[in-house]
Amino acid sequence: MKITDVEVLVLPDGDDAMILVAVDTDDGVYGLGEVGVRTRYRAVLGALEHLRELVVGEDPARVEHLWQVMFRRGFFPGDRTVAAAIAAIDVALWDIRGKVFGVPVHALLGGQVRDRVDCYTHVETKLDPEATADSCRALVAEGWRHLRLAVQDDDGVLDPRAAMRGAIANFHAARAAVGDEIELAIDVHTRLDPPEAVTLCREIESARPYFVEDPLRSEGLEGYRMLRLRTGVPLAAGEQLGSKWEFRRLIEEDLVDHARVDVAIAGGLTESKKIAGWCETHYIQLAPHNPLGPVTTASALHLSLATPNVSVQEQHRRQLSPEVAALFTGRPLVRDGYLSPPEGPGLGIDLDRSAARRLHAVAVERPHLRRPDGAFTNW
């Protein structure tokens, strides 16, 4: 069997676009993957075009070999944009393997270690404490047992001190609303500087957060060493990291409790499984990052099903348009706050590619936030 083509499909996803990859073979079997970086749109498409030249004509069964070729060829290692393109092709290769052997991908990764995967969803943002409490109660009534709040901006303006105070108030209101049995996390989204991050973590300790996610920027991971010494809350990070090499400091220095591996960014299933095993030796749980489309939900689900040290998987509640939703069969669907093992070989999800080719979208750059004085800050 040989790879004959790598097709890129860009589908509308609300105001954004999902970038899917289909890897074809001369036996007629194809696999699906998704790119986790939706910004840097033209750079991502360029990376996929280049990687296509490397894999066409190769044996799709040589998954590890092709990963090494895609990541290391050209002398300069794959950065996060290239790693996200590699991830899409890598996941598609695992999908092909599963279809060829007639088994789900998680069976190829070692088999099921759990019967279901607990998921968390996002509490609506732009809320005051009372509205936050109401939103949390409504989500619990839907069956969710894990909820994630966020540090909020004010219509594109982020005042770090005000955002910190608001996040503290909202978190305590959420805890009072749902009691002790519901797990609550909060995503800082790299928006705060160390002083505010430290204060936020310390002020919500009494509300027992499940974790505080991305309290600091990812460019300088040594900052987590300082934060670790100054707070007792569980920390989570890693959604912006593209390989085991980038995760190395977080893992080796025990700087986090939950690794936010994104299968569609961190080099695909091949690399994510390695990161997971490394985390296990440091008692670090995987909390897969998953704000993307149904293909990444499926690939993250297979990773979670086959990995012993998984805590919870992210699952947004954003709905696909009816036109796009109709393209997919076998989409993983949340029930009572968890995902069940998918049916069928490979990822268990398929796409009407002929209909998908009639749709097109352009991924957009994220809107930027500014400080009250007009300075740029992280989105």
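Residues numbered from 1 in each chain as written. Predicted model: local features only at pLDDT ≥ 70, side-chain atom pairs only at ≥ 80, totals over all residues. Heavy atoms only, no water.

Undergrad: What is the right way to read a nonpolar patch on the surface from this model?
TA: On the surface, Met-1, Val-100 and Phe-101 cluster together into a nonpolar patch covering about 280 Å² of accessible area. Relative to the helices and strands, Val-100 resides in helix α3 (residues 80-101). On the basis of relative accessible area, Val-100 is assigned to the partly exposed category, the value being 44%. (Patch = residues over 30% accessible without salt bridge, like charges linked within 9 Å, V, L, I, M, F, W, Y side chains within 5 Å. Areas by Shrake-Rupley, 256 points an atom, 1.4 Å probe, with all protein chains shown as cover. Salt bridge = Lys/Arg side-chain N within 4 Å of Asp/Glu carboxyl O. Helix = DSSP H or I, 4+ residues; strand = E, 2+ residues; numbered from the N terminus. Buried < 20%, exposed > 50% of the residue type's maximum accessible area, 1.4 Å probe, protein only.)

Undergrad: What exactly am I supposed to notice about the pattern of salt bridges here?
TA: Summed over the entire model, instances satisfying the criterion amount to 29 salt bridges. Two residues, Arg-357 and Glu-7, come together in a salt bridge whose shortest N-O distance is 2.6 Å. Remark: Glu-7 occurs in strand β1 (residues 3-13) and Arg-357 occurs in the loop between α13 (353-356) and β15 (369-370); sequence separation between them is 350 residues. Relative accessible area serves as the criterion here: at 45%, Arg-357 is assigned to the partly exposed category. In this structure, Arg-208 and Asp-180 form a salt bridge, with 2.3 Å as the shortest nitrogen-oxygen distance. Within this pair, whereas Arg-208 is found in the loop between α7 (194-203) and β7 (211-213), its partner Asp-180 is found in the loop between α6 (160-178) and β6 (183-187), the two being separated by 28 residues in sequence. Through salt bridges with shared partners, a single ionic network connects Asp-13, Asp-16, Glu-34, Arg-38 and Arg-318.

Undergrad: Is there a simple way to think about the pairing of strand β3 (residues 30-34) in this case?
TA: In regular strands, side chains alternate between the two faces of the sheet. With five of five residues buried, β3 lies mostly within the body of the structure. In β3, alternate side chains face the same way, and those of Tyr-30, Leu-32 and Glu-34 on one face and Gly-31 and Gly-33 on the other are all buried. Bridge count for strand β2 (residues 16-25) against β3 is five bridges, and the pairing is antiparallel. Bridge pairing in β3 places Leu-20 opposite Glu-34. If you look at the hairpin formed by β2 and β3, you'll find four residues sitting between the two strands, and Gly-28 has a positive phi there, around 85°. (Pairing = 2+ DSSP bridges.)

Undergrad: Help me understand the packing of α6 against α7, please; the structure alone is not making it clear to me.
TA: α7 packs onto α6 with a crossing angle of 15° between their chain directions and a minimal axis gap of 10 Å. What the angle tells us is that α6 and α7 run roughly parallel. Where α6 crosses over α7, the two elements pack in a sense that is right-handed. Contact with α6, carried on its side by Pro-160, Arg-161, Met-164, Ala-167, Ile-168 and His-172, involves Glu-196, Thr-199, Leu-200 and Glu-203 of α7 and no other residues of that element. Its residues assigned to classes, the contact of α6 with α7 comprises five nonpolar, two polar and three charged. (Axes fitted to C-alpha atoms, helices over the stretch in contact; angles between N-to-C directions. Parallel < 35°, antiparallel > 145°, perpendicular 65-115°, else oblique. Left-handed = near helix turned anticlockwise from the far one by under 90°. Contact = heavy atoms within 4.5 Å. Nonpolar A, V, L, I, M, F, W, Y, C, P; charged D, E, K, R; others polar.)

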